[in-house]
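Take a look at the letters that make up each chain.
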Amino acid sequence: MLHGVPGRSLRARLLIGLLSVTGAGLLLTCVVGFLTLRTFITERLDAQLVLAAERAMVRLDNDIPPVGVDAPSSSPYIVVLLDPRTGDVQQVFGDAMREDVVLDRIAALPLEELTARARDGEIFQLEGGDASVPPHRATARMRTGSILVTGVPTNDREEYSWQLVLTQLITVLLLLTALTMAGRWLIIRGLEPLSRMATTADRISTGSDLSARMPGSESFSEAGRLAGAINTMLRRLEHAFDAQRASEQRVRAFAADASHELRTPLTTILGYSELYRQGAIPTGELPDAMRRIEDEAERMSRLVAELLELARLDRVGSLQLGRADLASAVRDMVEDGRTLEPDRAISLEAPEELWCDVDEARIRQVVANLLGNVREHTPAGTQAAVWLESRDAEGVAVLRVSDEGPGMSEEDLRRAFDRFYRGTREPGGGSGLGLSIVHAIAAAHHGDVDITSAPGAGTAVTVVLPLRHDDTAA
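Residues numbered from 1 in each chain as written. Predicted model: local features only at pLDDT ≥ 70, side-chain atom pairs only at ≥ 80, totals over all residues. Heavy atoms only, no water.

Engineer: Hey, could you run me through the sheet that holds strand E2 (residues 89-94) in this one?
Structural biologist: Either a parallel or an antiparallel arrangement is found when strands of a sheet pair, and the pairing is made through backbone hydrogen bonds. Here five strands make up an open sheet; going across it, the order is E2-E1-E5-E4-E3 and the pairing antiparallel. Whereas interior strands pair on both sides, the edge strands pair on one side only; in this sheet they are E2 and strand E3 (123-126). Neighbour to neighbour, the strand axes of the sheet diverge by 25° on average, direction disregarded. Across five bridges, strand E1 (residues 78-82) lies against strand E5 (residues 146-153) in antiparallel orientation. Residue pairing for E5: Leu82 is matched across the bridge by Ile147. Across the sheet, helix H2 (residues 99-107) touches E1, E2, E3, strand E4 (136-143) and E5, and the angle it forms with E1 is around 45°. (Pairing = 2+ DSSP bridges. Helix = DSSP H or I, 4+ residues; strand = E, 2+ residues; numbered from the N terminus. Axes fitted to C-alpha atoms, helices over the stretch in contact; angles between N-to-C directions. Contact = heavy atoms within 4.5 Å.)

Next up, the structure:
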């Protein structure tokens, strides 16, 4: 019903629907009441009619006219005696008004039909002729030498029934009027939360502030549950937009940093190439120039490889997971570190074996990067320690690489995992992507990385990896 009123507001459709349903119900009640009252009065008239006919028969059998104080009925009635052969009126008794109309109606009945009704004793209705005279309920009886027709008018039935209809119609109009005012107030009050939500939604859609929330979410009503669901969606959208903005900012910063890092080796290579083309490099200095070009090309190649590595790690499903012995992999990488720096003491504390669902090549890269940071940022001979353990209760493996070097400042510590951030390192001392790669590998394993350091107190990097990995999440 409400969908059939296009272009109207929800308030108007609800009010129209409420009034339509209520009006239809009241009209149905009016019809039922009218028919019920009419049937009741008809049954009462029929009972009076039968009683009046029987009394009239008794009085006539006793040669007493059915009139006077002991009349057959206390209500208006008419008793007509007809000749059974001709249908002519023999006698008329009673006090019904407009006897002439009643007699005309009786005369309009075929004599055969009247005789059949007299034998059956059924009740029938006399109507027709003057419409201002209400119908009469009538019955016929056979007597010796005559047919007795008794009738009672249905004035009460017609008057009371239509008075009831008029009363109910007036009541319906009054109720619908009151319901219109009360329903409008209730609907406006009930839809007020939706109006506030619509206003909030308009404010959100026309602006860039997603921090606004739908009011009334603390209520347990339907509107409150809707507001709560919308607020949950808005929080997710806000987080998604924040993540998108942060990602865009990281991409822009990453592109700017990558361009800056690649510009230096390219400038060096182009400069020496231009000098060589112009013949400005003496023959004795040519080997040194070629060495510089080779160093810069190698640096640029290493930087591009690390950038590609980060790009692969940022892609979902980049890991090649398998069951691997983490302890064996860490021991191998420590041995490699000792080989590269025989003068540096690197201690190792690890179990005999520690099986874990990891990408073994990536884990080896983590250890290599952390040991590489120790070599790069601590003086030669500074002691380092590698520690590995399994925490079965937590379902994780913990790898820690620490050194006793000069440590990091608070600013360097805060930005340690930022890409291309070198902090206080000397120019040319690495790309600034080592810890970023470690963090990306741990995140791809659904693990975590933490770093602790202080000036003069050394640095410790802790990597936490789950012992078992959900393949669907990778």
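Read on for the rest.
Engineer: Looking at this model, I keep getting lost on the pairing of strand E12 (residues 459-466). Mind explaining?
Structural biologist: When a strand is regular, its side chains alternate between the sheet's two faces. For E12, the tally of buried residues reaches seven of eight residues, placing the bulk of the element in the interior. One ladder, built from eight bridges, connects strand E10 (residues 396-403) with E12; its direction is antiparallel. The residue bridging Val396 from the neighbouring strand is Pro466, located in E12. Sheet topology note: the strand E11 (residues 448-453)/E12 ladder contains six bridges and is antiparallel. Bridge assignment links Ile451 to a residue of E12, and that residue is Val461. Here E11 hands over to E12 after five residues, with Gly456 in that stretch at a positive phi of 80°. (Buried < 20%, exposed > 50% of the residue type's maximum accessible area, 1.4 Å probe, protein only.)

Engineer: What am I meant to see in the nonpolar core here?
Structural biologist: Burial of nonpolar side chains together is a common tendency in soluble globular proteins. Membership of the largest hydrophobic core comes to 35 residues, with the highest contact counts inside it found for Leu354, Leu370, Val386, Leu399 and Val463. Looking at this core, the elements that each hand over two or more residues are helix H8 (326-340), strand E8 (355-358), helix H9 (360-377), strand E9 (384-391), E10, helix H11 (434-444), E11 and E12. Take this core: its biggest share by element is six residues, from H9. Among residues more than four places away in sequence, those in contact with Leu399 are Val330, Val366, Val367, Val386, Trp387, Leu388, Val461, Thr462 and Val463. Counting 14 residues, the second-largest nonpolar core is a separate cluster that includes Ile78, Leu82, Ile106 and Ala118. (Core = buried A, V, L, I, M, F, W, Y, C linked by side-chain atoms within 4.5 Å.)

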